There are 2 protein chains.
Amino acid sequence: MDQIKVFLNEDEMPRQWYNIAADFPHAMPPPLAPNGKPLTPDMLAPVFPMNLIEQEVSTQRWIDIPDEVLQILWQWRPSPLCRATRLEKALGTPAKIFYKNEGVSAPGSHKPNTAVPQAYYNKVFGIKRLSTETGAGQWGSSLAMACQMFGLECKVYMVKISFDQKPFRKIMMQTWGAQCIASPSNETNAGRDILAKDPDCPGSLAIAISEAIEDCVTHKDTRYALGSVLNHVLLHQTIIGLEAKKQFDKIGLYPDVVIGCAGGGSNFAGLSFPFMADKIAGTKNPRIIAVEPAACPKMTRGIFTYDSGDVAMMTPLLPMYSLGHTYVPAPIHAGGLRYHGMAPLVSHAMREGLMEAVAIPQLECYRAAMLFSQTEGFIPAPETSHAIAMTIREANRAKEEGKEKVIVMNWSGHGIMDLSGYQAYLDGKLTDYHLPDSEILKAGECLKDLPKPPPLQ
Amino acid sequence: MDQIKVFLNEDEMPRQWYNIAADFPHAMPPPLAPNGKPLTPDMLAPVFPMNLIEQEVSTQRWIDIPDEVLQILWQWRPSPLCRATRLEKALGTPAKIFYKNEGVSAPGSHKPNTAVPQAYYNKVFGIKRLSTETGAGQWGSSLAMACQMFGLECKVYMVKISFDQKPFRKIMMQTWGAQCIASPSNETNAGRDILAKDPDCPGSLAIAISEAIEDCVTHKDTRYALGSVLNHVLLHQTIIGLEAKKQFDKIGLYPDVVIGCAGGGSNFAGLSFPFMADKIAGTKNPRIIAVEPAACPKMTRGIFTYDSGDVAMMTPLLPMYSLGHTYVPAPIHAGGLRYHGMAPLVSHAMREGLMEAVAIPQLECYRAAMLFSQTEGFIPAPETSHAIAMTIREANRAKEEGKEKVIVMNWSGHGIMDLSGYQAYLDGKLTDYHLPDSEILKAGECLKDLPKPPPLQ
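Residues numbered from 1 in each chain as written. Chains lettered and ligands numbered in written order. Predicted model: local features only at pLDDT ≥ 70, side-chain atom pairs only at ≥ 80, totals over all residues. Heavy atoms only, no water.

S.K.: Explanation requested: the nonpolar core in the structure shown.
M.R.: One broad rule of soluble globular proteins: the nonpolar side chains tend to lie buried together. Counting residues in hydrophobic clusters, the biggest one holds 292 residues, and the most contacted among them are M299, V346 and M355 of chain A together with M299, V346 and M355 of chain B. In this view, M355 of chain A contacts F268, M276, I288, A290, M299, V346, A349 and M350 of chain A; residues no more than four positions away in its chain are not counted. (Core = buried A, V, L, I, M, F, W, Y, C linked by side-chain atoms within 4.5 Å. Buried < 20%, exposed > 50% of the residue type's maximum accessible area, 1.4 Å probe, protein only. Contact = heavy atoms within 4.5 Å.)

Rendered as structure tokens:
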């Protein structure tokens, strides 16, 4: 019988994270303060602990994973590298399809890979309490679990419409000891201002970020935590790709194609950066593909620019692919991919020509998710379905070309807390959203007065 | 650092199931037809395929697992054997606590371990369609997935109150191609009769069983599938304990205590029977403990008798511990443990003195589940929390005695589709239900005219 699953023993597990910033051929443009001046580490100090700020600006190639962090990551890691033999058969492809199953963590996705070290470094720095925002709840529940493990308080501002629609995520956070409230809330000036104008406001990620940052800077011993986009977040996720490389070594294979879905960029980077290192070194040449939703196509239809991380422009300006911070994506079910910008490290890898980006519409993704569920059993998150759709395109191409390619995708999370999206699909209520150029141009207007990054040098 | 997780490579995986019926010191009483006469295999033929009936009556010690079944089980197996070091620390116990995580399957529990082979044997026998019932939905969704994998149709009668309260389970079944309808339904005589008398009937497992069996015998090429209680179901679950034994071998340990929660008995038997074999052989002497809810205490407060599997007495009479087939357990959240009887194989092991049973009330189980979630991350199913509560009792006892015991429990499933129970607990709305003797006696009245099994011989 075919080997269909590869594990690692604990003595084979990665003990360091990989920092791709050490290896890029060209320098990355630096982040800027909101006023356009250079950003210094101490300007971030009210929001993040200094040990994480050091990781954020580090150009050291390998960074040790503390034992206290490993001991918790190992509760669900290594995640299995699985061969999707039944999917291959259904497609009739000569390709070998592998998926790295990050759905095995307790919150159900890759998010705790960074939530755990973020809680740890805050704890070590003397912080007692973390604030954050969450949309659909994956990040908030991961940070809740991580804070519980290190005895930190955790306050989560959850976008109100999700808070009402997904009560299970809120209960999950409460089970892990976090306080989760609907945003906009009455607990911050930002929230009160909005409620005064619109008592029925359904909330947005941008509002929730403003509330979480205000909470952080107005509470003693509190810092803020973010689940994607930033360098240190992507760093922590590289454990995915480092494990995958060792797992492929064990079965004597190396992927020709590496695929991940991309919202803020962290799960995509987590799988792909360790393979990208081989590409930079010239020892291997895999195709590396980020998949974004057609409703939020920042890499395929946005521009590379300095932009803010939030609507209220409270964050530093980051050099990234963006549709503009005022862009409001259509309400697709893949909530985790509804973000206007792309992580600076991923954006830079695009500029370096180390990877490609593809945008796929929602219905093709749900069709892919259904085929995956019906062949491999596991029901993917709506975000993950984008990686599956691209994998199927590549497997079909391998069939046309008659090539026995090895494809690996990051299976970033399960969808069993997102089944209402499947219900809508099964009931024929989902549609694709065709984004006109005019809307892209309109959203991009907010970028015109922002500084422009220099050309690659 | 402590080793906290043990996997198996595919070449170490079990290739045969273990049939404890081959090894019991005394003969088991045979099942009887509803009229009290001996039951012959052909009497079961309208309901089960002959290859599964052969397994049901087999006394062969080892039964090969077909390759086609293994290839699917391996999508989530081997399940990891994990050390709960953070739980140990929280308890301050010298005991080493291990849990076998069956929550890693796609439906989230141990149930697909038997759903997959049942679908396979039906397929091989030429059956095109399976009918079944489900309460909370774990079994129905597992059978839906298994039928999808072998191209069988699947019809699930889901207890109406759960159908309405747990819409995600229904969507899960639909995603795997099954048809799931609320029971009582208009599609069977049994359902129509009940609806005629009570249009708002919330349903029960007993009604759903009647509907599923009627569906099976009135449809072409259809058979019925059951998720617990029967010998062949318990046989298929022994892969859990066989893996666990190999995993303990790898780290040079053997458990002193083996614990599982028990509703119909299948997850308990799955972990414990391979260890019980060593006890029968006299080579090892672990304590083996089944944990039932205080609200449904068939082994601790019921009697060993012949009883029917359903209220309508459509099933054969089985020799088992029972509270009586008319017993209606209180609506505790652990729906999978709300069954009046216990599997004949487990009941016989009790009579043989090979194991113990303990009943634990609901609130202690939720406290245990909270402690587990907050230390180990994974949120257990309400059923599983019973095994955790007993594990904590044993770990505390080891502390009192100053003994470094090895304890293993079957972590039978995750609870992230059962979070409403956690909400009720967190809101202080859960209570314990104290079952008076009078209620036990009243329920037992339905047993008085049924045949009595002979003494052990």
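S.K.: Please explain the pairing of strand β7 (residues 153-159) of chain A as it appears in this structure.
M.R.: Working note: regular strand, side chains alternate between the two faces of the sheet. All names here are of chain A. The element β7 is largely enclosed, with a buried count of six among its seven residues. When strand β6 (residues 129-134) meets β7, the two strands line up parallel, connected through six bridges. Directly across from T134, in β7, lies its bridge partner M158. With respect to chirality, the unit in which β6 leads through helix α6 (residues 138-150) into the neighbouring parallel β7 is right-handed. (Helix = DSSP H or I, 4+ residues; strand = E, 2+ residues; numbered from the N terminus. Pairing = 2+ DSSP bridges. Right-handed = clockwise from strand over helix to strand, strands pointing away.)

S.K.: Which parts of the structure should I look at to understand the pairing of strand β10 (residues 257-261) of chain A?
M.R.: Residues and elements named next belong to chain A. With five of five residues buried, β10 lies mostly within the body of the structure. Neither face of β10 is open: one carries V257, I259 and C261, the other V258 and G260, and all of them are buried. Pairing between β10 and strand β11 (residues 287-293): five bridges, direction parallel. Across the sheet, the residue bridging to V258 is I288, located in β11. Each parallel crossover has a hand, and for β10 linked through helix α13 (residues 266-281) to β11 it is right-handed.

S.K.: Which parts of the structure should I look at to understand the domain arrangement of chain A?
M.R.: A common way to state how big an interface is: give the accessible area lost once the parts meet. Residues and elements named next belong to chain A. What the domain assignment lists for chain A is domain 1 (5-10 + 66-108 + 237-447) and domain 2 (18-64 + 111-231). For domain 1 versus domain 2, the separation of C-alpha centres amounts to 22 Å. The interface of domain 1 with domain 2 comprises 51 residues on the first partner and 48 residues on the second. In this assembly, domain 1 packs against domain 2 so that about 4000 Å² is buried in total across both faces, 71% of it on carbon and sulfur atoms. For the domain 1 face of the interface with domain 2, the top three residues by lost area are P107, L345 and M417, together amounting to 17%. The interface formed by domain 1 and domain 2 holds one salt bridge in total. Scanning the region where domain 1 abuts domain 2 turns up 12 residue pairs in polar contact (both at pLDDT 80 or more). (Domains from an automatic or database assignment. Buried area = accessible area lost by both parts, 1.4 Å probe. Salt bridge = Lys/Arg side-chain N within 4 Å of Asp/Glu carboxyl O. Polar contact = N/O pair within 3.5 Å; in protein donor to acceptor, adjacent residues only side chain to side chain.)

S.K.: Whenever I open this one, the side chain of D23 of chain B confuses me. Can you help?
M.R.: Residue and element names in this part refer to chain B. Structurally, D23 can be placed in the loop between β2 (16-18) and α1 (41-44). Within the local environment of D23, its side chain forms a polar contact with the side chain of Y18, the two groups lying 2.7 Å apart. Every residue in contact with D23, bar those within four places of it in the chain, is listed here: Y18, R61 and I280.

S.K.: Please explain the interface of chain B and chain A as it appears in this structure.
M.R.: Listed per partner, the contact involves 51 residues of chain B and 51 residues of chain A. Contact between chain B and chain A buries roughly 4600 Å² in total, counting both sides, with carbon and sulfur atoms accounting for 61%. In this assembly, chain B and chain A are joined by zero salt bridges. Along the contact surface separating chain B from chain A lie 24 residue pairs in polar contact (both at pLDDT 80 or more). Every element with two or more residues in the side of chain B that touches chain A is listed here: α3 (67-73), α4 (85-91), α6 (138-150), α8 (167-175), α16 (362-376) and α18 (419-426) of chain B. Here the element with the most residues in the side of chain B that touches chain A is α8 of chain B; it accounts for six residues.

S.K.: Please clarify how the relation of the copies chain B and chain A should be interpreted in this entry.
M.R.: Both copies of the chain are related by one operation, a rotation about an axis with a shift along it. Aligned on chain A, chain B shows an RMSD of 0.0 Å; the corresponding rotation is 180° and the shift along the axis is 0.0 Å. Such a turn and shift between the copies fits a two-fold axis. Minimal C-alpha distance to the rotation axis in chain B is attained by V104 of chain B, lying at 3.2 Å. Interface residue correspondence from chain B to chain A reaches 100%, placing this contact among same-surface, isologous pairings. (Least-squares fit on C-alpha atoms with pLDDT ≥ 70 in both.)

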